[in-house]
Amino acid sequence: MLFLAAATALDKLKQVPTAFWWKVGAAVLCVIILAAVLQRVAQMNKVVLAVIVLVVFTIVGVNWIYDRNEPAFMTPIINKIAPFLPSKGSYSTKQQAAPGQKP
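Conventions and cut-offs
Residues numbered from 1 in each chain as written. Predicted model: local features only at pLDDT ≥ 70, side-chain atom pairs only at ≥ 80, totals over all residues. Heavy atoms only, no water. Helix = DSSP H or I, 4+ residues; strand = E, 2+ residues; numbered from the N terminus. Buried < 20%, exposed > 50% of the residue type's maximum accessible area, 1.4 Å probe, protein only. Areas by Shrake-Rupley, 256 points an atom, 1.4 Å probe, with all protein chains shown as cover. Expected span 1.5 Å × (residues − 1). Polar contact = N/O pair within 3.5 Å; in protein donor to acceptor, adjacent residues only side chain to side chain. pLDDT = per-residue confidence, 0-100. Phe/Tyr/Trp six-rings, centres within 6.5 Å; stacked < 30°, edge-to-face > 60°.

## Regarding the overall build of the protein chain
Right, so step 1: If you tally the helices and strands in the protein chain, you get 5 helices and 0 strands.
Right, so step 2: Going from N to C terminus, the protein chain has its helices and strands arranged as α-α-α-α-α.
Right, so step 3: Out of the 103 residues belonging to the protein chain, those deemed buried represent 6%.
Right, so step 4: Summed over its atoms, the accessible surface of the protein chain is roughly 9100 Å², and 73% of this surface lies on carbon and sulfur atoms.

If you want it as structure tokens, here you go:
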């Protein structure tokens, strides 16, 4: 009876699409790479780490403001910051106005 149960489990595993196994493999690889990176970061100079984090967050934040593709939970914060920075449509709306008129 145990042999029959093992055969059905093996049959069920064979029915799982190969794309799923590729995704599982990619997730495991990402976890391994993340662990290696975190070990390196733990040994890194904290000032250099702070500069790298600041640059990454600045690039992501400016991209969110320019394209307005921020996550929904960040929209209230981005709405307060966005008027001070250019956005994707701001230049074209200013150029559409006739000379001497305000947009």
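## With respect to helix α3 (residues 46-67)
Right, so step 1: For α3, which comprises 22 residues, the first-to-last C-alpha distance of 31 Å matches the rise-based estimate of 32 Å (1.5 Å per residue) to within 8%.
Right, so step 2: Its side-chain oxygen placed 3.2 Å from the backbone nitrogen of Val47, Asn45 serves as the N-cap of α3.
Right, so step 3: Phi turns positive one or two residues past the end of α3, at Arg68, with a value near 55 degrees.

## So, the confidence of the model for the protein chain
Right, so step 1: Averaged over every residue, the pLDDT of the protein chain is 83; the share at 70 or more is 80%.
Right, so step 2: For the protein chain, the element scoring lowest by mean pLDDT is helix α5 (residues 90-96), at 64; helix α2 (residues 18-43) scores highest, at 93.

## So, α2
Right, so step 1: With 26 residues, α2 should reach 38 Å at 1.5 Å per residue; the first-to-last C-alpha distance of 38 Å fits that figure.
Right, so step 2: Here α2 lies mainly on the outside; 0 of its 26 residues are buried.

## So, the packing of aromatic side chains
Right, so step 1: Going through the model one piece at a time under the given rule, you end up with 1 aromatic pair.
Right, so step 2: An angle of 70 degrees between the planes, with centres 5.2 Å apart, marks the rings of Phe20 and Trp21 as edge-to-face.
Right, so step 3: Residue Trp21 is classed as partly exposed on the basis of its relative accessible area of 43%.

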